[in-house]
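For reference, the chains in residue letters:
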Amino acid sequence: MIFHPTAIAGAFEIEPEMLQDERGTFARTFCAEIFGERGLVAEWRQCNISTNPRRGTLRGMHWQAEPHGEAKLVRATRGRVYDVALDLRPKSPSYRNWAAVELDERRANAFYIPPGCAHGFLTLEDDSALFYQMSTPYVPGAARCLRWDDPAFAIDWPSPPALIGARDAACPDFTEEVAP
Ligand SMILES: Cc1cn([C@H]2C[C@H](O)[C@@H](COP(=O)(O)OP(=O)(O)O[C@H]3O[C@H](C)C(=O)[C@H](O)[C@H]3O)O2)c(=O)[nH]c1=O
């Protein structure tokens, strides 16, 4: 695995080292020891899948309030998505920074997002799907969101959403009170 730093402290694009032979490829996608050595969360409590038939579907920006902050390891298992993390940790050197990684099933890359960051994505192809590994259980009462186009962050999305859920469309602008 090759860890590429991003504009968010502690958030990495992870590129698999593909082992190829006449049968195809094999690659390690996670290793608790290596993640631990790098100070990353190395225990996953829940895994989720997300399927999105339509290109231009936007989900986010979501996070869980403390003490239910979640690290996420996100990858595209079909298609391609523009995946965004936003640093909401007031003590972080990259507080209020955002970072985007294009997740592509063909590259099998992943985005490691530390706790205290909001997460969202825009699909770049029809029929895009994602697989999430989450470090903490889902706590409905801890769910928080901010709107995808909050001017405070000016996330540079490749295009406006063609499809966004009512809840995400109604997410508020960020305020310190909404913070993790
Ligand atoms: C996350 C989650 C959700 N749910 C239920 C709650 C809703 O009834 C339904 C859909 O949840 P939600 O609308 O939050 O799903 P998305 O809008 O796709 O949000 C997801 O995509 C964005 C980009 C994220 O980063 C979030 O972690 C993730 O929640 O599943 C569960 O039962 N368990 C869970 O772990």
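Note that the coordinates shown come from a computational prediction; the quantities given were computed from them, not determined experimentally.

Engineer: Looking at this model, I keep getting lost on the overall build of the protein. Mind explaining?
Structural biologist: Tallying secondary structure elements over the protein gives two helices and 14 strands in all. Radius of gyration (C-alpha) of the protein: 16 Å, near the 16 Å computed for a compact globule of 180 residues. Seen along its three principal axes, the alpha-carbon backbone of the protein occupies a region of about 55 × 35 × 25 Å. Across the 180 residues that make up the protein, the buried fraction comes to 45%. In the protein, 78% of the contacts between residues at least 6 apart in sequence involve partners at least 24 apart.

Engineer: Help me understand the environment of His 119 in this model?
Structural biologist: As for its position among the elements, His 119 is in strand S11 (residues 117–123). Residue class for His 119 comes out buried when judged on its relative accessible area of 3%. Each C-alpha atom, one on His 119 and one on Leu 146, is 9.8 Å from the other, the two residues being 27 residues apart in sequence. Apart from the residues within four sequence positions on either side, His 119 is in contact with Gly 60, Met 61, His 62, Lys 72, Val 74, Asp 83, Val 84, Ile 113 and Tyr 132.

Engineer: Got a minute to help me understand the packing of aromatic side chains in this structure?
Structural biologist: Geometrically, a pair of aromatic rings is defined through the distance of the ring centres and the angle of the planes. Tallied over the full model, the rule gives nine aromatic pairs. With a centroid separation of 5.9 Å and 65° between ring planes, the pair formed by Phe 30 and Trp 44 is classed as edge-to-face. Here Phe 30, found in the loop between strand S4 (24–26) and helix H1 (32–37), pairs with Trp 44, found in the loop between H1 and strand S5 (46–52); they are 14 residues apart in sequence, far enough to count as distant. For Phe 30, a relative accessible area of 24% corresponds to the partly exposed category. The class of Trp 44 is buried, set by a relative accessible area of 17%. Relative to Trp 157, the ring of Tyr 82 has its centre 5.8 Å away and its plane inclined at 55°; by these criteria the two rings are tilted. Residue Tyr 82 is found in strand S8 (residues 80–87), and its partner Trp 157 is found in the loop between strand S13 (143–145) and strand S14 (163–164); the two are separated by 75 residues along the sequence.

Engineer: Just checking my understanding: could you explain the site of the ligand for this structure?
Structural biologist: Around the ligand lies a shell formed by Gln 46, Asn 48, Arg 59, His 62, Lys 72, His 119, Gly 120, Phe 121, Tyr 132, Met 134, Tyr 138 and Arg 167. Interatomic distance of 2.8 Å between a side-chain N/O atom of Arg 59 and an oxygen atom of the ligand. The contact in question runs from an oxygen atom of the ligand to an N or O atom on the side chain of His 62, over 3.1 Å. Calculation on the ligand without its partners gives an accessible area of 650 Å², and the protein chains cover 62% of this total. Every element with two or more residues in the shell around the ligand is listed here: S5, strand S6 (57–64), S11 and strand S12 (128–134). When residues of the shell around the ligand are assigned to their parent elements, the largest contribution, three residues, is made by S11. Here the shell around the ligand is built from residues that sort into four nonpolar, five polar and three charged.

Reading the values: the criteria
- Residues numbered from 1 in each chain as written.
- Predicted model: local features only at pLDDT ≥ 70, side-chain atom pairs only at ≥ 80, totals over all residues.
- Heavy atoms only, no water.
- Helix = DSSP H or I, 4+ residues; strand = E, 2+ residues; numbered from the N terminus.
- Rg over C-alpha atoms; globule rule 2.2 N^0.38 Å.
- Buried < 20%, exposed > 50% of the residue type's maximum accessible area, 1.4 Å probe, protein only.
- Contact = heavy atoms within 4.5 Å.
- Phe/Tyr/Trp six-rings, centres within 6.5 Å; stacked < 30°, edge-to-face > 60°.
- Near = heavy atom within 4 Å.
- Polar contact = N/O pair within 3.5 Å; in protein donor to acceptor, adjacent residues only side chain to side chain.
- Areas by Shrake-Rupley, 256 points an atom, 1.4 Å probe, with all protein chains shown as cover.
- Nonpolar A, V, L, I, M, F, W, Y, C, P; charged D, E, K, R; others polar.

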